[in-house]
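Listed below, chain by chain, are the residues.
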Amino acid sequence: MKKPVSRRKLSQVDIRHGELQIKNMLKDRPVMAKHITKNDIIWKWVVRKFAGEDLEDTIDWNNAAPYYGAQADHIYPCSSERGFVRIAKKLSFEFSWARAIFELHNMAFCCGFKKLIYRAYKGKKKKKEFIKGLATCPDEWYVGTPRFFREWIKHYGRNSEYPWRIYSDFYDNYLEEWALADE
């Protein structure tokens, strides 16, 4: 697995930003606050991620609903937009935290995604390859998830929101903007 963008040293300002973001997230998603304290490992990890530990900049909590009704999503920071994470309302404590951690972890590997976007923009990846090219290593993410991408993708119908509709829309409508954002 490739390394995150950076492991920069966090300033007190960065840490305060991370703490503010987690507090805002817990205020907006109260179910997430039920069984967690500032002394918990997850709390401290999330503060560091919001503080920008793996990126060149801090990232924000965003209270809006995730894209296409997904349970969670993120936008990584680029020259035209600040990075943020969104979690859907009405999820359980455990599932909300799992989604938050998943999205914050994914943000650390935005360089690979940026390269994929640029390759697609340049015509080196067709839409089907772009969508399938976003495979992860499932056994590092989920217990009981099929180990190989081909087995995992079978769980999603061809017209399902994720991953087909979400990444298809991105490919059709945002590829150029994102591919050229940091040139």
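Scope of this entry: the structure provided in the associated data block.

Once that is clear, we can look at the overall build of the protein chain. A tally of regular secondary structure across the protein chain gives eight helices and three strands. When the 183 residues of the protein chain are sorted by exposure, 43% land in the buried category. A separation threshold of at least 6 residues defines the contact pool for the protein chain, and within that pool the share at least 24 residues apart is 66%. Accessible area of the protein chain: about 10,900 Å², with a carbon and sulfur share of 53%.

Take the nonpolar core next. Counting 47 residues, the largest nonpolar core has Ile22, Met25, Phe50, Trp97, Ile117 and Phe130 as its most contacted members. The residues contacting phenylalanine 130, other than those within four sequence positions of it, are Phe113, Leu116, Ile117, Ala120, Tyr167, Phe170, Tyr171 and Leu175.

Attention now moves to the pattern of salt bridges. All told, the structure shown has eight salt bridges when counted by the stated rule. Arginine 48 is the partner of glutamate 53 in a salt bridge, and the nearest nitrogen-oxygen pair spans 2.9 Å. Looking at glutamate 53, the relative accessible area reads 12%, which means it is buried. For arginine 48, a relative accessible area of 30% gives the class partly exposed. Note that arginine 82 and aspartate 60 form a salt bridge whose closest N and O atoms lie 2.9 Å from each other.

Let's shift gears to the packing of helix H2 (residues 41-50) against helix H3 (residues 93-107). In the contact formed by H2 and H3, the axes pass within 10 Å of each other and the chain directions differ by 35°. In this structure, H2 meets H3 at a crossing whose hand is left-handed. Contact residues: H2 offers Ile42, Trp45, Val46, Lys49 and Phe50, while H3 offers Trp97, Ile101, Leu104 and His105. When grouped by side-chain class, the residues that make up the contact of H2 with H3 number seven nonpolar, one polar and one charged.

It is worth spelling out helix H7 (residues 161-173) at this point. The end-to-end C-alpha separation of H7 is 16 Å, well short of the 18 Å expected for 13 residues at 1.5 Å each. The complete set of buried residues in H7 reads Pro163, Trp164, Ile166, Tyr167, Ser168, Asp169, Phe170 and Tyr171. The secondary structure elements touched by the buried residues of H7 are helix H4 (110-121), helix H5 (127-132), helix H6 (149-153) and helix H8 (175-180).

Judged by pairing direction, the sheet is mixed, and its three strands sit side by side in the order S1-S3-S2 without closing on themselves. Lying at the two open borders of the sheet, with one neighbouring strand each, are strand S1 (60-61) and strand S2 (72-75). Pairing of S2 with strand S3 (residues 84-87) involves four bridges; the strand directions are antiparallel. Considered in S3, the bridge of isoleucine 75 is made with phenylalanine 84.

Looking now at a positive patch on the surface. A surface patch of like charges, here positive, comprises Lys128, Lys132, Arg150 and Arg158. As for its position among the elements, arginine 150 is in helix H6.

Reading guide: rules and limits
- Residues numbered from 1 in each chain as written.
- Predicted model: local features only at pLDDT ≥ 70, side-chain atom pairs only at ≥ 80, totals over all residues.
- Heavy atoms only, no water.
- Helix = DSSP H or I, 4+ residues; strand = E, 2+ residues; numbered from the N terminus.
- Buried < 20%, exposed > 50% of the residue type's maximum accessible area, 1.4 Å probe, protein only.
- Contact = heavy atoms within 4.5 Å.
- Areas by Shrake-Rupley, 256 points an atom, 1.4 Å probe, with all protein chains shown as cover.
- Core = buried A, V, L, I, M, F, W, Y, C linked by side-chain atoms within 4.5 Å.
- Salt bridge = Lys/Arg side-chain N within 4 Å of Asp/Glu carboxyl O.
- Axes fitted to C-alpha atoms, helices over the stretch in contact; angles between N-to-C directions.
- Left-handed = near helix turned anticlockwise from the far one by under 90°.
- Nonpolar A, V, L, I, M, F, W, Y, C, P; charged D, E, K, R; others polar.
- Expected span 1.5 Å × (residues − 1).
- Pairing = 2+ DSSP bridges.
- Patch = residues over 30% accessible without salt bridge, like charges linked within 9 Å, V, L, I, M, F, W, Y side chains within 5 Å.
- Lys, Arg positive; Asp, Glu negative; His and termini not counted.
- Charge placed at Lys NZ, Arg CZ, Asp CG, Glu CD.

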